[in-house]
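# Chain and residue survey
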Amino acid sequence: MEKESKRKVIRVLEILLFVAYLVMLCYFLFIADRIERTYAERTYHYNLVPFKEIRRFWVYRHSLNFWSVVLNLVGNVVAFIPFGLFLPRLFLRCRKFLLTTFFCFEFSLCVEVIQLIWKVGCFDVDDIILNTLGGILGFLVYRISVLLTGGKT
């Protein structure tokens, strides 16, 4: 029975970590951006052209601030790795690559639409691409961990 109680504790910890991750993600995506701004009014920007901003950041990486490039390109990927990692651990249906990829895409799309409606950050189709890539990498980390542990999740 000790093994079963240990599994329950691990499950609760995973759920708590996932909720904490979602709260932190929402804070950084919706609240922190608003708090840091001191402007009265700004024009809202959005990008509907795939790879436009990714290309712009890459082409002008030498003249742009290094951290701006890293935060935009790498940050959008890294921010969603936990999402792709937690989904298959917490939900049996998400142990399929395509379903996890779809949920990562769907969640990222929801985030971008909320940013569009609330005018926080900016709606960027490239962010959806990068976030989904991060979710895919998280899923791959999950799959590798399953292989390394002999199929135990």
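In short, a report on the structure. (Residues numbered from 1 in each chain as written. Predicted model: local features only at pLDDT ≥ 70, side-chain atom pairs only at ≥ 80, totals over all residues. Heavy atoms only, no water.)

## Regarding the overall build of the protein
Helix and strand counts for the protein stand at six helices and two strands. Ordering the α and β elements of the protein from the N terminus gives α-β-α-α-α-α-β-α. When its C-alpha atoms are laid out on the principal axes, the protein stretches across 60 × 30 × 25 Å. For the protein, contacts bridging at least 24 residues in sequence account for 72% of all contacts bridging at least 6. (Helix = DSSP H or I, 4+ residues; strand = E, 2+ residues; numbered from the N terminus. Contact = heavy atoms within 4.5 Å.)

## Remarks on the packing of aromatic side chains
Considering all chains together, one arrives at 13 aromatic pairs under this definition. Aromatic side chains Phe97 and Phe139 sit 5.7 Å apart centroid to centroid with 65° between the ring planes, which places their arrangement in the edge-to-face category. Residue Phe97 is located in helix 5 (residues 97-118), and its partner Phe139 is located in helix 6 (residues 125-148); the two are separated by 42 residues in the primary sequence. Given a relative accessible area of 37%, Phe97 falls into the partly exposed group. (Phe/Tyr/Trp six-rings, centres within 6.5 Å; stacked < 30°, edge-to-face > 60°. Buried < 20%, exposed > 50% of the residue type's maximum accessible area, 1.4 Å probe, protein only.)

## Observations regarding the environment of Trp118
Residue position: Trp118 is located in helix 5. Each C-alpha atom, one on Trp118 and one on Gly75, is 21 Å from the other, the two residues being 43 residues apart in sequence.

## What about the side chain of Asp126?
Secondary-structure assignment places Asp126 in helix 6. For the buried Asp126, no salt bridge exists, and the shortest N-O distance to an oppositely charged side chain is 7.5 Å, to Arg55. Excluding residues that lie within four positions of it along the chain, Asp126 makes contacts with Asn47, Val49, Pro50, Phe51, Lys52, Glu53 and Ile54. (Lys, Arg positive; Asp, Glu negative; His and termini not counted. Salt bridge = Lys/Arg side-chain N within 4 Å of Asp/Glu carboxyl O.)

## Observations regarding helix 2 (residues 52-59)
Regarding helix 2, the residues found buried are Glu53, Ile54 and Phe57. Summarising the axial view, the buried residues of helix 2 lie within an arc of 105°, below the 170-degree limit, and thus occupy one face. (Arc of directions from axis to C-beta.)

## Structural notes on the environment of Phe80
Position of Phe80 among the secondary structure elements: in the loop between helix 3 (66-78) and helix 4 (81-90). Sequence separation of Phe80 and Tyr21 is 59 residues, and the distance between their C-alpha atoms is 9.8 Å. Among all residues touching Phe80, those that are not within four sequence positions of it are Tyr21, Leu25, Cys104, Phe107, Ser108, Asn131, Gly134 and Gly135.

## Looking at the side chain of Glu53
Residue position: Glu53 is located in helix 2. Polar side-chain contacts of Glu53 include one of 2.7 Å to the side chain of Arg56. Not counting residues up to four positions away in its chain, the partners in contact with Glu53 are Asn47, Asp124 and Asp126. (Polar contact = N/O pair within 3.5 Å; in protein donor to acceptor, adjacent residues only side chain to side chain.)

## Some thoughts on the packing of helix 3 against helix 6
Packing of helix 3 against helix 6 leaves a shortest axis separation of 6 Å and a crossing angle of 45°. Looking at the two axes, helix 3 sits oblique to helix 6. Both helix 3 and helix 6 take part in a crossing whose hand is right-handed. The segment helix 3 lies against helix 6, with Asn72, Leu73, Asn76 and Val77 engaging Asp127, Leu130, Asn131, Leu133, Gly134 and Leu137. For the contact of helix 3 with helix 6, the class distribution of residues is five nonpolar, four polar and one charged. (Axes fitted to C-alpha atoms, helices over the stretch in contact; angles between N-to-C directions. Parallel < 35°, antiparallel > 145°, perpendicular 65-115°, else oblique. Left-handed = near helix turned anticlockwise from the far one by under 90°. Nonpolar A, V, L, I, M, F, W, Y, C, P; charged D, E, K, R; others polar.)

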